[in-house]
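Residues per chain, in single letters:
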Amino acid sequence: MTDAPAPKPGILDIAPYVGGKSRIEGVAEPMKLSSNENMLGAGQKAREAFEAAVGHIHIYPDGRASKLRAAVAEHHGLEPERLIFGNGSDEVFALLNQCYLTPGDNIVTGQYGFLAYRISALANQASVKLAPEPEFKATPEALLAQVDERTRIVYVSSPSNPTGSYNTAEEIRRLHEGLRPEILLVIDEAYAEYVTEADWETSFGLARDSENIVVTRTFSKIHGLGGLRIGFGYAPLKVAEAVDRIRLPFNVSVPGIEAAVAALGDEAHQQASRDLIHAWRPRLTQAIRGFGFEVLPSAGNFVLVRFRDADQAQAANDYLNSKGIIVRPVGGYGLPEALRVTIGTEDQNRAVLDALSEFAAR
């Protein structure tokens, strides 16, 4: 028997992405607070649009996602021809890496930057350079210090997962000004709708007049459509046209397009989702700090809790699991002493606080 074909060099060295777990053995319906999903679910308008789309799922979707393209362009005030749609914003990152990286190139991102940037870069035989985040935030200075002659893309999450940090508008401008024009700056704004800080602003405006900025968003968070996998990027026209040449046809589904269009128009659901986070983010932060654990400031729909060490974090995770609560260990990000907790409904949040209070008192 001959050996199976070997993948190209480096593929088997990539650590696969591991999502937040969703089951606890012996618990029928655990509280899943491990994936930063919208715990209010999808809005009624999106659910109705999804159900109505069932009659059309035998037909291929519009390959240009024209209906969604027009809706996103109107909602955000963007030029429709500059939009890239993907199977989640993850696919937009993968398409950009595939389009612009060649063997020997590199990407630069923060030490705790989203793992999806790295995986597809490595798959394209590029390397990953990580900027130190001693304060759990990627700064312009640290990112620029990692840039060299083979850097092709710089990735910034603002707000950042899993730390919850964000970059100010001034910091993003300073980073952009420090990059060579041929380097692509990708700004991941997956959690944009949850930000309340006055010195943060979307980079759509900065990208409008730039030839090397891509801003990405997702429908998985504020809109509650994580299971439908829809994201988009706002890019220079030349970048959007290049990506369109390698994008697989029909990469956004019929139900996904219909639900996303409806979600954009559901302002009431978006506001309810924001209100939940804005009410509970400070309460969770204050209460958990009161138990003696560190909680990093967060601009997202989650908080990152740091324990004394990795052993205590593991013990806390096990205790939460014993109470039917699933949170996210983030050792894969180099933070073995931390757990990321999605902000849930009032009942879920109170259950988390009760469990951590009991754990702290042990």
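As the structure is a prediction and not an experimental result, all values here were calculated from the model. (Residues numbered from 1 in each chain as written. Predicted model: local features only at pLDDT ≥ 70, side-chain atom pairs only at ≥ 80, totals over all residues. Heavy atoms only, no water.)

Regarding the sheet that holds strand 10 (residues 302-306)
Basically, it comes down to this: Criterion used throughout: strands pair if DSSP finds at least two bridges between them. Helix numbering and strand numbering both begin at the N terminus, where a helix is a DSSP run of H or I of at least 4 residues and a strand a DSSP run of E of at least 2. Throughout, a contact is declared for two residues whenever any of their heavy atoms are within 4.5 Å. Interaxial angle, 0 to 180 degrees, is taken between N-to-C directions of lines fitted to C-alpha atoms, where a helix line uses only the stretch in contact.
Strand order in this open sheet of four strands is 9-10-13-12, and the pairing throughout is antiparallel. Here the strands that pair on one side only, and so sit at the sheet edges, are strand 9 (294-295) and strand 12 (328-330). Inspection of the sheet shows strand 9 paired to strand 10 by two bridges, in the antiparallel sense. Its bridge partner lying in strand 10, Val295 is registered against Val305. Sheet contacts for helix 11 (residues 310-322): strand 12 and strand 13 (335-342); angle to strand 13, the most-contacted strand, approximately 30°.

Digging into the environment of Ser66
Convention followed: Relative accessible area decides the class of each residue, using a 1.4 Å probe on protein chains only: under 20% of the type maximum gives buried, over 50% gives exposed, and in between gives partly exposed. Polar contacts, as counted here, are pairs of nitrogen or oxygen atoms within 3.5 Å of one another; within protein the pair requires one atom able to donate a hydrogen and one able to accept it, and residues that are adjacent in sequence qualify only if both atoms are side-chain atoms.
With respect to the helices and strands, the residue Ser66 is situated in helix 2 (residues 66-76). By relative accessible area, which is 38% here, Ser66 ends up partly exposed. Through-space distance from the C-alpha of Ser66 to that of Glu81 is 9.9 Å; in sequence the pair is 15 residues apart. Side-chain polar atoms of Ser66 contact the side chain of Asp62, separated by 2.6 Å.

Concerning the layout of surface pockets
What counts, and what does not: Cavities and pockets are found on a 1 Å grid laid over the protein atoms alone: a cavity is a set of points where a 1.4 Å probe fits but cannot escape, a pocket is an open set with protein on both sides within 12 Å along at least five of seven lines, and a lining residue has an atom within 4 Å of such a point. Grid points are joined across faces, edges and corners, and a volume is the space filled by probe spheres set on the points. Just so you know the grouping, Ala, Val, Leu, Ile, Met, Phe, Trp, Tyr, Cys and Pro go in nonpolar, Asp, Glu, Lys and Arg go in charged, and all remaining residues, Gly too, go in polar.
Of the pockets and cavities examined, the largest pocket occupies roughly 480 Å³. Lining the largest pocket are 26 residues, with Tyr17, Ser35, Asp90, Phe114 and Lys221 sitting closest to its centre. Of the residues contributing to the lining of the largest pocket, the split by class is six nonpolar, 12 polar and eight charged. Surrounding the second largest pocket, 16 residues form its lining, Ala15, Pro16, Tyr17, Leu115 and Gly332 being those nearest its centre. Among the elements of the structure, helix 4 (115-123) and strand 12 are those that each provide at least two residues to the lining of the second largest pocket.

Focus on the pairing of strand 4 (residues 127-131)
Selection criterion: Consider the strands pointing away from the viewer: the crossover is right-handed when the path from the first strand over the helix to the second runs clockwise.
For strand 3 (residues 106-110) and strand 4, the ladder comprises five bridges, and the chain directions are parallel. Looking across to strand 4, one finds that Val108 is bridged to Lys129. As for the winding sense of the linkage, the β-α-β connection from strand 3 through helix 4 to strand 4 is right-handed.

Comments concerning the pattern of salt bridges
Counted only if it meets this: We define a salt bridge as a side-chain nitrogen of Lys or Arg found within 4 Å of a carboxyl oxygen belonging to Asp or Glu.
A complete count under the given rule lists 22 salt bridges for this structure. For Glu37, the salt bridge goes to Lys32, with nearest N and O atoms at 3.0 Å. Residue class for Lys32 comes out buried when judged on its relative accessible area of 18%. A salt bridge links Asp105 to Arg152, with the nearest nitrogen and oxygen atoms 3.7 Å apart. You can see Asp105 sitting in the loop between helix 3 (89-100) and strand 3 and its partner Arg152 sitting in strand 5 (residues 151-157), a full 47 residues away along the chain. For Asp105, a relative accessible area of 3% corresponds to the buried category.

Looking at the sheet that holds strand 8 (residues 231-234)
Spatial strand order, 2-8-7-6-5-3-4: seven strands in an open sheet with mixed pairing. Edge strands, defined here as strands with exactly one partner in the open sheet, are strand 2 (83-86) and strand 4. The average undirected angle you get between the axes of adjacent strands in this sheet is 20°. The pairing of strand 7 (residues 213-218) with strand 8 spans four bridges and is classified as antiparallel. Its bridge partner being in strand 8, Val215 is matched across the sheet by Tyr234. Here helix 3 sits on the sheet and contacts strand 2, strand 3, strand 5, strand 6 (184-188), strand 7 and strand 8; the angle it forms with strand 5, its principal contact strand, is near 165°.

A word on the pairing of strand 6
Counting buried residues along strand 6, five of its five residues qualify, which places the element largely inside the surrounding structure. Burial along strand 6 is two-sided: the face carrying Leu184, Val186 and Asp188 and the face carrying Leu185 and Ile187 are both buried. Running through helix 6 (residues 169-177), the crossover from strand 5 to the neighbouring parallel element strand 6 is right-handed. Pairing analysis gives four bridges linking strand 6 to strand 7, with the strands arranged parallel. From the neighbouring strand, Asp188 faces strand 7, where its bridge partner is Thr216.

Focus on the packing of aromatic side chains
The geometry of an aromatic ring pair is captured by the separation of the ring centres together with the interplanar angle, meaning the angle of the planes. Here is the rule: Here the aromatic set is Phe, Tyr and Trp, taking the six-membered ring for Trp, and pairing holds for ring centres within 6.5 Å; pairs whose planes are under 30 degrees apart are stacked, those over 60 apart are edge-to-face, and all others are tilted. A ring has a charge above it when a Lys NZ or an Arg CZ is no more than 6 Å from the ring centre and no more than 35 degrees off the ring normal.
For the structure on display, the rule yields 14 aromatic pairs. Ring geometry for Tyr60 versus Phe250: centroids 4.7 Å apart, planes at 15°, classification stacked. Placement of Tyr60 in the loop between helix 1 (44-52) and helix 2 and of Phe250 in the loop between helix 8 (237-246) and helix 9 (254-264) is noted, with a sequence separation of 190 residues between them. Taking relative accessible area as the criterion, Phe250 reaches 39% and is therefore assigned partly exposed. Three or more aromatic residues joined by ring pairs make a cluster, and in this case those are Phe93, Phe114, Tyr117 and Tyr155. For the cation-ring pair, Lys137 lies above Tyr166, with the distance from its terminal atom to the ring centre recorded as 5.8 Å. Over the ring of Trp280 we find Arg283, and its NZ or CZ is 3.9 Å from the ring centre.

Considerations on the side chain of Asn106
With respect to the helices, strands and loops of the structure, Asn106 is situated in strand 3. Residue class for Asn106 comes out buried when judged on its relative accessible area of 3%. At 2.7 Å, the side chain of Asn106 forms a polar contact with the side chain of Thr151. Setting aside residues no more than four positions away along its own chain, Asn106 makes contact with Leu101, Ala126, Ser127, Lys129, Asp148, Arg150, Thr151, Arg152 and Ile153.

Bear in mind that shape data such as this cannot, by itself, settle questions of function.
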